[in-house]
Amino acid sequence: TNNQEWWRGAVIYQVYPRSFFDSNNDGIGDLPGVTAKMDYIASLGVDAIWLSPFFTSPMKDFGYDVSDYCDVDPIFGDMSDFDALIESAHQHGLKVMIDQVLNHSSDQHPWFVESRSNHANAKADWYIWADANSDGTVPNNWLSVFGGPAWHWDSRRKQYYLHNFLDSQPDLNFHNPDVVDALLETVEFWLKRGVDGFRLDTANYYYHDVELRNNPPKEDVVEGSIGVRLDNPYAYQLHLYDKSRPENIGFLQRLRGLLDQYPNTTTVGEVGCDFALDTMAAYTQGGDKLHMCYSFDLLTHDSSMTHIRNTMQTIETGLGDGWPCWSIGNHDVERVATRWGNNHDPIAKSKIYMAMLLTLRGSVCLYQGEELGLPEAELEFDQLVDPFGIAFWPEFKGRDGCRTPLPWKNETLGGFTQNNQPWLPIAESQRALAVDMQDGNRDSVLHAYRDFLHVRRGHPELRFGDIEFLYNDDTTLTFLRSFQGKRLYVAINTSHQDKILPVEQTLTVLTLPEAIPSGYVDHHNTVVLPPYSVLLATVNT
Ligand code: TEU
Ligand code: CA
């Protein structure tokens, strides 16, 4: 294998198109809006874009409910807008990955409309239908991630259908080979159109247990590891039968076979389950399944360096020749500046967590707005549009607070739109952090991202190197990254106090750009890490 393929160690910028930039002032971001801001994306120094879904959709889950896998929703533009986006990205040296939602379709998809029409149509078995128990109850104890049973009664077929997410997102039946063929055709459609890869939504959910066995209860529930909350009964089951089934491996191999016909394409699978790190390893080993996966392990509230180290150490142990991808924020979780920042020193923390993410081993997904250090937007109940938030309010406020429009300018409408009613409000708390405010400020989070991404590009150790962990405590992480005989020492201090560490190696400290607080080595052979600082040094041999 070529260990310098573009996706190894790549930084992938996640664009949530609804909230990126509104080119036609209808209040909703769109594909021409992404193209209009391509200079900005390229200016960050990332390698690729991951576009959240823009396909035809009733938008019950804001595009993660697809009713036509091979077309653009009119809200976002049309196919020529997509082609223009790809062309512009490629001219800017950026790869484009799109978000494939293969596990489930919209209930408005013609496949489901046909499937539910009766028991004997050609697509009768394309979704997961099951009879009620004799007393009318649901077939088993499986639950929806978004609350309630995973089964929805259909009064026409007089059967239940499975939905791991909203009841408007019926799960496709991957045990039916026709379904697999049809889905792979949609994947090939976009490969032919020039995409460079896919983010695979819920990549471990594709298969279910055909015997529909009940999930056992889960002991020792801890927050977050599968991306669900403790106030959701879903967290209290061990998900042995509704997802992460062994049959999935065969499908991932077929998918890889297809991708291998299109050179330089890639995949990053989203893995949310009780054994996510093992699953990530299994899905990426051997070069014949997925290229990369990410789990929810860094998307929880646990920002301690002990947790980060344990997560990284565990994956490294099991990974073999597999390759991980990490993110600390996305369109599903509270923004990291709030989740990990706890409203203390959010700017300094945004920079240091960025430095951590960009020095650990693996590719990286950055979520739009992270480069600005945006805090979570505070919304009132009647401003919510996410069904997940509406269902769990007030314990959980949903995902709208991380999806509000990106602030381009410090103006009422954030320079996002001219429409007085954007689909979600522009957060007042984010205006001072708008792109135009940070562009002119050398100390800003935005400059720190640009500068540090530049540092990362200049050091193949950070991009491709092996990792060896050294000292850590809850707020300090130190490790070595080695590649082709060169070794880099990395030390990170996420606390507001100085940290002093003895060091065995002889180090030559690299000068970091001024937006990033740097540690230093003093003459007693100790590393000194000021508050929220990072030290990068070459190890002398
Ligand atoms: O998310 C999968 C998933 O597990 C999430 O539902 C997650 O548990 C939750 O959002 C945590 O807050 C993917 C997409 O990223 C999400 O936007 C979709 O709603 C979901 O799949 C269904 O397609
Ligand atoms: Ca628009």
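Residues numbered from 1 in each chain as written. Chains lettered and ligands numbered in written order. Predicted model: local features only at pLDDT ≥ 70, side-chain atom pairs only at ≥ 80, totals over all residues. Heavy atoms only, no water.

Engineer: What am I meant to see in the overall build of the protein chain here?
Structural biologist: Regarding its fold elements, the protein chain presents 14 helices and 21 strands. A globule of 541 residues ought to have a C-alpha radius of gyration of about 24 Å, and the protein chain, at 23 Å, matches this closely. Once the C-alpha set of the protein chain is aligned to its principal axes, its extents read approximately 80 × 50 × 45 Å. Here the analysis covers contacts within the protein chain between residues at least 6 apart in sequence; of these, 70% occur between residues at least 24 apart. (Helix = DSSP H or I, 4+ residues; strand = E, 2+ residues; numbered from the N terminus. Rg over C-alpha atoms; globule rule 2.2 N^0.38 Å. Contact = heavy atoms within 4.5 Å.)

Engineer: What should I look at first to understand the coordination of the calcium ion (ligand 2) in this one?
Structural biologist: The expected angle between donors at a tetrahedral four-coordinate metal is 109.5 degrees. At an octahedral six-coordinate metal it is 90 or 180 degrees. Taken together, Asp22 (OD), Asn24 (OD1), Asp26 (OD), Ile28 (O) and Asp30 (OD) make up the protein donors of the calcium ion (ligand 2), found 2.2 to 2.3 Å from the metal. Read in sequence order, the donor residues for the calcium ion (ligand 2) give the motif D-x1-N-x1-D-x1-I-x1-D. (Donors = N, O, S within 2.8 Å, 3.2 Å for Na, K, Ca; no water.)

Engineer: Whenever I open this one, the nonpolar core confuses me. Can you help?
Structural biologist: In a soluble, globular protein the nonpolar side chains are often hidden away together inside. Within the largest apolar cluster, 118 residues are counted, with the highest numbers of intra-cluster contacts made by Tyr13, Tyr40, Ile41, Phe54, Phe82 and Phe251. When we break this core down by domain, the ones giving at least three residues each are domain 1 (105–171) and domain 2 (463–539). Setting aside chain neighbours within four positions, we find Phe251 in contact with Leu102, Phe174, Val180, Leu184, Tyr206 and Tyr207. Listed in part, the 16 residues of the second largest apolar core include Trp50, Met97, Tyr294 and Leu299. (Core = buried A, V, L, I, M, F, W, Y, C linked by side-chain atoms within 4.5 Å. Buried < 20%, exposed > 50% of the residue type's maximum accessible area, 1.4 Å probe, protein only. Domains from an automatic or database assignment.)

Engineer: Would you explain helix α3 (residues 79–91) in this entry?
Structural biologist: Three or four residues apart is the spacing at which side chains of an α-helix point the same way, because the helix has 3.6 residues per turn. For α3, with 13 residues, the first-to-last C-alpha span of 18 Å sits near the 18 Å given by 1.5 Å per residue. Listed as buried for α3 are Met79, Phe82, Leu85, Ile86, Ser88 and Ala89. Buried residues along α3 sit against α1 (31–36), α2 (38–44), β2 (48–51), β4 (68–72), β5 (95–100) and α5 (177–192). At the C-terminal side of α3, Gly93 shows a positive phi close to 75°. (Expected span 1.5 Å × (residues − 1).)

Engineer: Help me out: how do you make sense of the domain arrangement of the protein chain in this one?
Structural biologist: Frequently, the measure chosen for interface size is the accessible area that the parts lose on association. Once the domains are mapped, the protein chain shows domain 1 (105–171) and domain 2 (463–539). Taken over C-alpha atoms, the centre of domain 1 sits 53 Å from the centre of domain 2.

Engineer: Help me out: how do you make sense of the site of ligand 1 in this one?
Structural biologist: Within the structure, ligand 1 sits among 18 residues, and Asp61, His104, Asp201, His331 and Asp332 are positioned closest to it. Between ligand 1 and the protein, one listed contact pairs an oxygen atom with a side-chain N or O atom of Arg199 at 3.1 Å. In this structure, an oxygen atom belonging to ligand 1 sits 3.2 Å away from a side-chain N or O atom of Glu270. Relative to its unbound accessible surface of 490 Å², ligand 1 loses 98% to contact with the protein. Along the lines of polarity and charge, the residues of the shell around ligand 1 split into six nonpolar, five polar and seven charged. (Near = heavy atom within 4 Å. Polar contact = N/O pair within 3.5 Å; in protein donor to acceptor, adjacent residues only side chain to side chain. Areas by Shrake-Rupley, 256 points an atom, 1.4 Å probe, with all protein chains shown as cover. Nonpolar A, V, L, I, M, F, W, Y, C, P; charged D, E, K, R; others polar.)

Engineer: So what exactly am I meant to see when it comes to the sheet that holds strand β8 (residues 159–162) here?
Structural biologist: By way of backbone hydrogen bonds, the strands of a sheet pair with one another, either parallel or antiparallel. What the three strands build is an open sheet, ordered β6-β8-β7; its pairing is antiparallel. The two strands at the open ends of the sheet, each matched to only one other strand, are β6 (129–130) and β7 (151–154). (Pairing = 2+ DSSP bridges.)

Engineer: Looking at this model, I keep getting lost on the sheet that holds strand β17 (residues 499–502). Mind explaining?
Structural biologist: Here we have three strands laid out as an open sheet, ordered β17-β20-β19, and antiparallel in their pairing. Each of the sheet's edge strands pairs with one partner strand only, and the pair in question is β17 and β19 (520–522). Taken over all neighbouring pairs, the strand axes of this sheet differ in orientation by 30° on average, direction set aside. (Axes fitted to C-alpha atoms, helices over the stretch in contact; angles between N-to-C directions.)

Engineer: Is there a simple way to think about the state of the cysteines in this case?
Structural biologist: Such a bond, covalent and formed between the sulfur atoms of two cysteines, is termed a disulfide. Scanning the model with the defined rule gives zero disulfides in all. Cys365 supplies the cysteine sulfur nearest to Cys325, a cysteine that is in no disulfide, at a spacing of 3.7 Å. With no disulfide of its own, Cys402 lies closest to Cys365 among cysteine sulfurs, the gap being 15 Å. (Disulfide = S-S within 2.5 Å.)

Engineer: Any chance you could explain helix α13 (residues 445–457) here in plain terms?
Structural biologist: Along its 13 residues, α13 runs 18 Å from first to last C-alpha, staying within 8% of the 18 Å computed at 1.5 Å per residue. Counting buried residues in α13 gives 11 out of 13 residues, a clear majority hidden from the surface. Buried within α13 we find Val445, Leu446, His447, Ala448, Tyr449, Arg450, Asp451, Phe452, Leu453, Val455 and Arg456.

Engineer: How should I be thinking about the side chain of Asp65 in this particular structure?
Structural biologist: Here Asp65 is to be found in the loop between β3 (55–56) and β4. Buried charge Asp65 goes without a salt bridge, the closest partner of opposite sign being Lys60 at 6.0 Å. In this structure the side chain of Asp65 is engaged in a polar contact, spanning 3.2 Å, whose partner is the backbone nitrogen of Met59. (Lys, Arg positive; Asp, Glu negative; His and termini not counted. Salt bridge = Lys/Arg side-chain N within 4 Å of Asp/Glu carboxyl O.)

Engineer: I tried to follow the packing of helix α7 (residues 276–284) against helix α8 (residues 305–319) on my own but got confused; where do I start?
Structural biologist: In helix packing, the relevant descriptors are the interaxial angle and the interaxial distance, both defined with respect to the helix axes. At a closest axis distance of 9 Å, the pairing of α7 and α8 adopts a crossing angle of 35°. Between α7 and α8 the crossing geometry is right-handed. Contact with α7, carried on its side by Leu277, Met280, Ala281 and Thr284, involves Thr311, Thr314, Ile315, Gly318 and Leu319 of α8 and no other residues of that element. (Left-handed = near helix turned anticlockwise from the far one by under 90°.)

Engineer: What exactly am I supposed to notice about unusual backbone geometry here?
Structural biologist: Leaving glycine aside, a negative phi is the common case for residues, and trans is the common case for peptide bonds. Omega for the peptide link from Trp393 to Pro394 comes to 0°, which places this bond in the cis form. Turning to its location among the elements, Pro394 is positioned in the loop between α11 (387–392) and α12 (435–439). Of note, the phi angle at Lys158 is positive, near 55°, even though the residue is not glycine. Mapped onto the fold, Lys158 is located in the loop between β7 and β8. Looking at Lys158, the relative accessible area reads 56%, which means it is exposed.

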